[in-house]
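The chain contents come next:
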Amino acid sequence: MQRTRFDDMACSIARTLDVIGEPWSPLILRDVYVGIARFDELQRDLGISSKVLSERLKWLIGHDVLERREYSRRPPRHEYVLTQKGRELCDLLLVMARWGDRWTAGTSGPPVLYRHHACGQIGHVELHCSVCGQPMRATDVDVLPGPGSEENMRAGAAGD
């Protein structure tokens, strides 16, 4: 079955899903983020086939989310590290974890806790406006066409 590509859509959500929109990629990122960085460790932790893991790692490297680094020459061995792009995607994973902790954790509670480096306290991610600092949820914003929207792209092409 061929995977649907979303990278040509004028939508940042669709483009992000094109990179990490199948279930294994966010889990691979999660593991690399917490220090599970070698192929055999990833395969063991995720219970994923080597074929699928190889394909996902190549995809994530090709999209500059992970970098493959040699840690042993004899025998040749590699580990995977997050790029800047990959570290920023982990911010998205923290938002997903917050939602999952609230809606899917059940009575046992969250499977992991997050200690904030700056204050040393256990907390969770909260979205705030980059301008005023106020909480920012989907119900607090209006969605407007941006400079890369299809509407603005057509208007720019018509003016050329």
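Here the residue numbers are simple positions, counted from 1 along each chain's written sequence. In keeping with the predicted nature of the model, local features appear solely for residues at pLDDT of at least 70, side-chain atom pairs appear and are counted solely at 80 or more, and the whole-chain, interface and lining totals rest on all residues. Values shown for side chains rest on all heavy atoms present in the structure; no hydrogens or waters enter the calculation.

Caption draft 1: Region of interest: the nonpolar core. Judged by nonpolar contacts, the single largest core of 19 residues is most densely connected at Ile-28, Leu-29, Val-32, Leu-57, Leu-60 and Leu-66. If you list the elements that add at least two residues to this core, you get helix H1 (12-20), helix H2 (24-33), helix H3 (39-46), helix H4 (50-62), strand S2 (76-82) and helix H5 (84-103). Only DSSP runs of H or I covering at least 4 residues are called helices, and only runs of E covering at least 2 are called strands; the numbering of each starts at the N terminus. Tallying contributions element by element places H4 first for this core, with four residues. By the convention used here, residues are in contact when the closest approach between their heavy atoms is within 4.5 Å. When near neighbours in sequence (up to four residues on either side) are disregarded, Leu-66 contacts Ile-28, Leu-29, Val-32, Leu-57, Leu-60, Ile-61, Tyr-80, Val-81, Leu-82 and Thr-83. Throughout, nonpolar core names a set of buried Ala, Val, Leu, Ile, Met, Phe, Trp, Tyr and Cys residues whose side chains join them through atoms within 4.5 Å. When a residue's accessible area, from a 1.4 Å probe over protein chains only, is under 20% of the maximum for its type it is buried; when over 50% it is exposed; and in between it is partly exposed.

Caption draft 2: Main features of the packing of aromatic side chains. Each pair of aromatic rings taken from Phe, Tyr and Trp, with Trp reduced to its six-membered ring, is defined by centres within 6.5 Å and is described as stacked if the planes are under 30 degrees apart, edge-to-face if over 60, and tilted in the remaining cases. In this structure the tally under the stated criterion is zero aromatic pairs. In this arrangement the basic side chain of Arg-38 is found over the ring face of Tyr-71, its NZ or CZ atom lying 3.6 Å from the centre. Counted as over-ring charges are cases with an Arg CZ or a Lys NZ within 6 Å of the ring centre that also lie within 35 degrees of the ring normal.

Caption draft 3: View of the state of the cysteines. Pairs of cysteine sulfur atoms within 2.5 Å are what we label disulfides. If you walk through the whole model with that rule in mind, you get zero disulfides. As a non-bridged cysteine, Cys-119 has Cys-90 as the owner of its nearest cysteine sulfur, 20 Å distant.

Caption draft 4: Geometry of the side chain of Ser-72. One can find Ser-72 in strand S1 (residues 66-73). Here Ser-72 falls in the buried class, since its relative accessible area comes to 18%. Polar contacts, as used here, are pairs of N or O atoms within 3.5 Å; protein pairs need one atom able to donate a hydrogen and one able to accept it. Residues neighboring in sequence count only if both atoms are side-chain atoms. At 2.8 Å, the side chain of Ser-72 forms a polar contact with the backbone oxygen of Pro-75.

Caption draft 5: Summary view of the UniProt feature "domain: HTH hxlR-type" (unreviewed entry) in the protein. As annotated by UniProt and renumbered to match this structure, "domain: HTH hxlR-type" (unreviewed entry) occupies residues 11-108. Taken end to end, residues 11-108 has its terminal C-alpha atoms 37 Å apart, with 61% of it in helix and 15% in strand. UniProt positions are given in the numbering used here, feature names are shortened, and annotations may be inferred rather than shown by experiment.

Caption draft 6: Molecular detail of the environment of Gly-146. Position of Gly-146 relative to the elements: it lies in the loop between strand S4 (122-123) and helix H6 (150-158). A sequence separation of 137 residues divides Gly-146 from Met-9, and the C-alpha atoms of the two residues are 14 Å apart.

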